[in-house]
Each structure stands twice: as C-alpha cells, then as structure tokens.
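# Notes for the structure review
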Amino acid sequence: MTDTILSVRDLSVAFHQGGETSLAVDRISFDIKRGETVALVGESGSGKSVSANSILRLLPYPAASHPSGEIVFNGKDLLKVGEDELRHVRGNDVTMIFQEPMTSLNPLHTIEQQIGEILEIHQNLKGAAARARTLELLDQVGIREAEKRLGAYPHQLSGGQRQRVMIAMALANRPELLIADEPTTALDVTVQAQILELLKSLKDEHGMSMLFITHDLGIVRKIADRVCVMTKGKIVETGPTAEIFANPQHDYTRHLLASEPRGEPPPSDTSSPIVVEASGMKVWFPIKAGFLRRVVDHVKAVDGIDLTLRAGQTLGVVGESGSGKTTLGLALTRLISSKGRIAFVGENIDAHSFREMRPLRNRMQVVFQDPYGSLSPRMSIADIIGEGLKIHEKALTDNERDGRVAAALEEVGLDPATRWRYPHEFSGGQRQRIAIARAMVLKPQFVMLDEPTSALDMSVQAQVVDLLRDLQRKHNLAYLFISHDLRVVRALANEVIVMRLGKVVEQGPAERIFDAPAEDYTRALMAAAFNLEAVNLAAVHQ
C-alpha cells in the first residue's frame, strides 16, 4: 500500500458559458499522504473550492470540464471511473464538509433522518441500529444531550451545532479522506477553535487524511502539516507549514502573510464631544405560549447596558453569536425599539417615533455584514449611493448629486466611472466599499458597522480596515464596530465591550481588554482568536 492516498496531477478545470471557455484551475498538482492534513489556501476566486469539488466530480457538468489532469485516489483515477464506483467512493471513502451547513442540510428533515439516510444507503443500517449509530456519532462530535437533538431540525440548532452535525454525517462511514471546504468561516472564534480541535482529534483517532480549504492563515497554522498556496487557478508555492510561514518564497505568499489586519486605531480624545450615550438600555423579546399566546418569559437580548461613544472614537462590541451585539447596534440607531435612555449628540431619542427619527438618519448610518444582500441588484451603484441624497438633501440638482456620488466613490478607492454598473459586477471587497460610500455620502457623525469584514478575504479585510481608519481621521467619525473577529477589532477599536447573553461581561480601553482581560469569558475569546493558552471553554459556558 502506497503512502500517498490522493495524487492530483496537472489538473485543469474549464467552465463553458455562452460559447466562451474560461480556465478556473490551471494544471495544479499536489499529493496527500495517509494521516496528513494538507491546506489549500488563497483568496476568493483562486480556484480552491473548484479544485476540491473536482475530486468528487461535484462540479456542474457539462458546463465544467477537465481539459487535462488526473485525480488518483488509492490507485484509481476518479475522473475516469464510472458513476456506480464514484457513488461508492462518495460518502464511503471520501467525504466533504461544506462552508455553510444551513444550505447543506435539508431544512425539512430532522437530524436523525439526515444521518440515518447515509447509514441506510452505505451501511444498510435501519431502525434501532441506525439510531444507536447516530447517537454514537453525535456524541463523538460533541453534541450534548444527543438523544434530545435527534428530532431537531437544522434551524433549531446553532451554527456550531449544525457544523458538528455535518461532521458527524461526514464521519458516518469512517472515510479515509475528509475534504473540509471553509468549515469554520461563518463561526465565532470560540466555536471555530472547538471545531478545529474536534477535527484534529477525530483525524488522529480515525487515522484520516484531510484536505482543508481556507483563506485564513491563522487556521492553517493550527491544523495543517503542509500548505499549497493558490492564486488565479495555479498553485504557486507548496511546503511544510512551518517552513512556509517562516520563509515564504513566492510574492503572493508573502502578500497573504502580510495581509492580516494590523496597525492601531487613531488616538481617542477624551475631551471630544459625546455622539452617542446610553444608560440602562434593554431589549427584551417576549416568549409566548399556550392557546391564548400569553407572554411566559422574555429573551433578554440586551439587558441593562451603559455606554458612551465620542467623536473620532471606535467602540468595539465583541462576543459570540446570540450575545446581543447586533441587537445593541440596532437599538442604538433606533431601528428596533428599546427601553432605557439613548442620546444622540445630546438629544434624547429613546422615545422618538419613526417620523421623528427621519431627520436624524443622515447623521447616523449603518454598514451591514453582507454587502451583496444589502445592495439592491436592480439599482446601479450611482442610484444606490445617491438614494440617501434624494431623501435627505432634496435641494441638490442631478449634477450636484452625481458629483457627490463620484466623490464618495473616489474617497473609498473606487473609480467613479464604474458608478453605472450593478452590484454583481463587483467583487466582495468592492461591494463593501460601495456600502461604505453609501453611508459616507451623507456625511454622518455616527456609523454602526455590523460585521463589515467577516465575509471578506484576509487581504481585503486589511484594506477595508485601513479605509475605515482613514475615513475616521478625515471626518472625525464615531464608530460602533460589531465583530466576532478580535484581530480586526484590535486594529480599529479604542474601547471594547465584551457581551454575553445580553449583558456586558467586561468593558474598558481596548489595550487593557486585549492585553490583560479580567474575566474568564474574555480570556476564552482571546485564547481562541490569538491561539493563546486555551481556557476551559466548557467551564466558561456553564
């Protein structure tokens, strides 16, 4: 038996559309040994996922083809085997975990049904035997009280739980090779750390090999034995992980390693005017039950929070999903109702109606996490950015408004000549710059940024962070920056609030929070984000 379980040689992938052919992957080669983890890294569009999907022939054939190459798994070229043999390899010998489990799991089937289907197809297990194996798998991947979760549907589980279910399904038939395509991108840092640790331990326990697809070099350090760096459809550098990080040879590898958000926020002036102030703020969502739908309890999404944000200052809000970060931001901008005092530039707005808030909207703006979802696909960029000017500055002529739009695009580093294009014609990073331009064109004093970099590649993240700092210095902006990515928060925030279950666990100057956190929960977040000595997360979450 050879030491190499998978050998990819001179693989090319072409896509055919409208009579045109484009090459997505260009003659790449790499090997994976038994028990080894190989990371395929690169930015969006580099060809990583296309390469991974080619292994199991999951591409949209015949719209895709392989002009050259071979994919040899255990001595068989998977590009040449028949459909019956390929079906045996899929799910048995080679399995895959995808980036977003919510789109990979069937929303109409329970967890037990989805894992049971795999066991029935591949192992002919049914009934009690299938249930026993399902419970064993759920327990193995760390799902607590697994028996109570059997009847749950995907939407009833957290992101981390859904990803654990995906891993259980992938491991159901004890595969020899596991392909993990960005399996932690959408997860909080603590959950991400738990999933990575789980994958490592399961790989060692089962003697599996793993192909790990990611754009996050911090993850590569933690999990990979060897690295293949990919850009524009080509692998430009390959080697042991430690060697690649210590002595990168290719310019693109050096670019990736230098792309983590760095630098410090503009210094905060404690004498600057207060822009936003809140005290005793609460957002409670009622839980109703019974025939008459009476309120029996509340979800305390935000529970008694005080904060102050000054001009030119960034307040970072961190915590896991469900901690109340976004709810806090929506309440401060009066996009949802709340109790407690909220003041904007000295004016109490906590009781303002929608109509009373409208004159203030141009001075407080929001940039959302997903720029594609927040930009109308039917509007040109000029219309998207100019829409706020039409509402709030009606006296502007068409030429004046167009000039403001062009200036806003130039300010965020985009060519004003592109303003007649549509969102789908721009990359993710460019779309986020458009979303920022839409906010800045109204010359706000306060901007709420809700996970604005989490969907972006590392190098694009760094560019957006630099842009936000430059705009803050230029316009003396107050930012509320919501994120679970502590590396980005460290590069932007002067002050930090750490939230958990609607409450503030810890708050203070960013330097103190990052360098000397006082609470176990904060230390757990730091350990997960910066690969420090781990805190017992299970104990923290009890």
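Residues numbered from 1 in each chain as written. Predicted model: local features only at pLDDT ≥ 70, side-chain atom pairs only at ≥ 80, totals over all residues. Heavy atoms only, no water.

Attention now moves to the overall build of the protein. Secondary structure summary: the protein contains 22 helices and 21 strands in total. Each principal axis of the C-alpha distribution contributes one length, and for the protein these read about 75 × 55 × 45 Å. In the protein, which comprises 542 residues, the proportion classed as buried is 53%. Put simply, 68% of the contacts in the protein that link residues at least 6 apart link residues at least 24 apart. Total accessible area on the protein stands at roughly 24600 Å², and carbon and sulfur atoms take up 49% of it. If the 62 positive side-chain charges of the protein are averaged to one point and the 68 negative ones to another, these points end up 5 Å apart. (Helix = DSSP H or I, 4+ residues; strand = E, 2+ residues; numbered from the N terminus. Buried < 20%, exposed > 50% of the residue type's maximum accessible area, 1.4 Å probe, protein only. Contact = heavy atoms within 4.5 Å. Areas by Shrake-Rupley, 256 points an atom, 1.4 Å probe, with all protein chains shown as cover. Lys, Arg positive; Asp, Glu negative; His and termini not counted. Charge placed at Lys NZ, Arg CZ, Asp CG, Glu CD.)

For the pair helix 15 (residues 381-392) and helix 16 (residues 398-411), interaxial distance at closest approach is 9 Å and the crossing angle is 115 degrees. For the crossing formed where helix 15 meets helix 16, the hand is right-handed. Facing helix 15, whose interface residues are Ile381, Ala382, Ile385, Gly386, Leu389 and Lys390, helix 16 presents Arg401, Arg404, Val405, Ala408 and Leu409. When the residues that make up the contact of helix 15 with helix 16 are grouped by side-chain class, the tally is seven nonpolar, one polar and three charged. (Axes fitted to C-alpha atoms, helices over the stretch in contact; angles between N-to-C directions. Left-handed = near helix turned anticlockwise from the far one by under 90°. Nonpolar A, V, L, I, M, F, W, Y, C, P; charged D, E, K, R; others polar.)

Here we take up the sheet that holds strand 13 (residues 294-310). Read across the sheet, four strands follow the order 13-12-15-16 without closing on themselves; strand pairing throughout is antiparallel. Edge strands, defined here as strands with exactly one partner in the open sheet, are strand 13 and strand 16 (347-348). Note that strand 15 (residues 339-344) and strand 16 share two bridges and pair antiparallel. The residue of strand 16 that forms the bridge with phenylalanine 344 is glutamate 347. Taken strand by strand, helix 12 (residues 325-332) contacts strand 12 (274-289), strand 13 and strand 15, and its axis lies near 120 degrees from that of strand 12. (Pairing = 2+ DSSP bridges.)

With an omega dihedral of 5 degrees, the bond running from tyrosine 61 to proline 62 counts as a cis peptide bond. Assignment of secondary structure puts proline 62 in the loop between helix 1 (48-55) and strand 4 (64-65). Even without being a glycine, asparagine 74 presents a positive backbone phi close to 50 degrees. Residue class for asparagine 74 comes out partly exposed when judged on its relative accessible area of 32%. Residue lysine 443 is not a glycine yet carries a positive backbone phi of 55 degrees. Within the element layout of this structure, lysine 443 appears in the loop between helix 17 (428-440) and strand 18 (446-450).

Another aspect to go through is the nonpolar core. One finds Ile385, Ile436, Leu468, Leu471, Tyr479 and Val496 to be the most contacted residues of the largest nonpolar core, which totals 52 residues. Membership of the second largest hydrophobic core comes to 49 residues, among which are Leu119, Met169, Ile219 and Val229. (Core = buried A, V, L, I, M, F, W, Y, C linked by side-chain atoms within 4.5 Å.)

Moving on: the side chain of threonine 241. On the secondary structure map, threonine 241 appears in helix 10 (residues 241-246). Using a relative accessible area of 7% as the deciding quantity, one classes threonine 241 as buried. Side-chain polar atoms of threonine 241 contact the backbone oxygen of alanine 224, separated by 2.8 Å. Non-local contacts of threonine 241, meaning those with residues more than four positions away in its chain, are made with Val220, Arg221, Ala224, Asp225, Arg226 and Val227. (Polar contact = N/O pair within 3.5 Å; in protein donor to acceptor, adjacent residues only side chain to side chain.)

What follows concerns the sheet that holds strand 17 (residues 364-367). Reading across the sheet, the six strands line up as 17-18-19-14-20-21 and stay open at both edges, with mixed pairing between neighbours. Because the sheet does not close on itself, it has two edges, and the strands there are strand 17 and strand 21 (503-509). Strand-to-strand twist in this sheet, taken as the mean axis angle between neighbours without regard to direction, amounts to 15 degrees.

The next point concerns the confidence of the model for the protein. Overall, the prediction assigns the protein a mean pLDDT of 89, with 97% of residues at 70 or greater. The model gives residues 533-542 a pLDDT under 50, and that stretch makes 20 contacts with residues more than four places away or in other chains. (pLDDT = per-residue confidence, 0-100.)

What follows deals with the pattern of salt bridges. Enumeration according to the criterion identifies 25 salt bridges in this entry. Close ionic contact of arginine 133 with glutamate 136 constitutes a salt bridge, the shortest N to O distance being 3.0 Å. With a gap of three residues between them, arginine 133 and glutamate 136 both fall in helix 5 (residues 127-140), about one helical turn apart. Residue classification places arginine 133 among the buried residues on the basis of a relative accessible area of 7%. Glutamate 136 gets classed as partly exposed once you look at its relative accessible area, which sits at 42%. The closest approach of N and O atoms between arginine 487 and aspartate 485, which form a salt bridge, is 3.5 Å. Among the residues examined, arginine 487 registers a relative accessible area of 16% and is labelled buried. On the basis of relative accessibility, which here comes to 11%, the residue aspartate 485 falls in the buried class. (Salt bridge = Lys/Arg side-chain N within 4 Å of Asp/Glu carboxyl O.)

What follows deals with a nonpolar patch on the surface. Together, Phe285, Ile287, Val296 and Val299 make up a nonpolar patch on the protein surface, roughly 320 Å² of accessible area in all. Going through the elements one at a time, strand 12 and strand 13 are the ones with two or more residues in the nonpolar patch. Its place among the elements puts phenylalanine 285 in strand 12. Exposure remark for phenylalanine 285: the relative accessible area of 38% places this residue in the partly exposed category. (Patch = residues over 30% accessible without salt bridge, like charges linked within 9 Å, V, L, I, M, F, W, Y side chains within 5 Å.)

The next thing to look at is the pairing of strand 19 (residues 478-482). The element strand 19 is largely enclosed, with a buried count of five among its five residues. By the alternation rule, side chains of strand 19 split into Ala478, Leu480 and Ile482 and Tyr479 and Phe481, which are all buried. Inspection of the sheet shows strand 14 (residues 314-318) paired to strand 19 by four bridges, in the parallel sense. Paired with glycine 316 across the bridge in strand 19 is phenylalanine 481.

The subject of this paragraph is the pairing of strand 7 (residues 94-97). By the alternation rule, side chains of strand 7 split into Val94 and Met96 and Thr95 and Ile97, which are all buried. In terms of strand pairing, strand 7 meets strand 8 (residues 177-181) through four bridges, oriented parallel. Bridge pairing in strand 8 links valine 94 to leucine 177.

Taking 1.5 Å as the rise per residue, helix 7 (residues 159-171) with 13 residues should run 18 Å; its terminal C-alpha atoms sit 19 Å apart, in good agreement. Counting buried residues in helix 7 gives 11 out of 13 residues, a clear majority hidden from the surface. When helix 7 is considered as a whole, its buried residues turn out to be Gly160, Arg162, Gln163, Arg164, Val165, Met166, Ile167, Ala168, Met169, Ala170 and Leu171. At its buried positions, helix 7 is contacted by strand 7, helix 3 (101-104), helix 4 (111-123), helix 5, strand 8 and helix 8 (189-206). (Expected span 1.5 Å × (residues − 1).)

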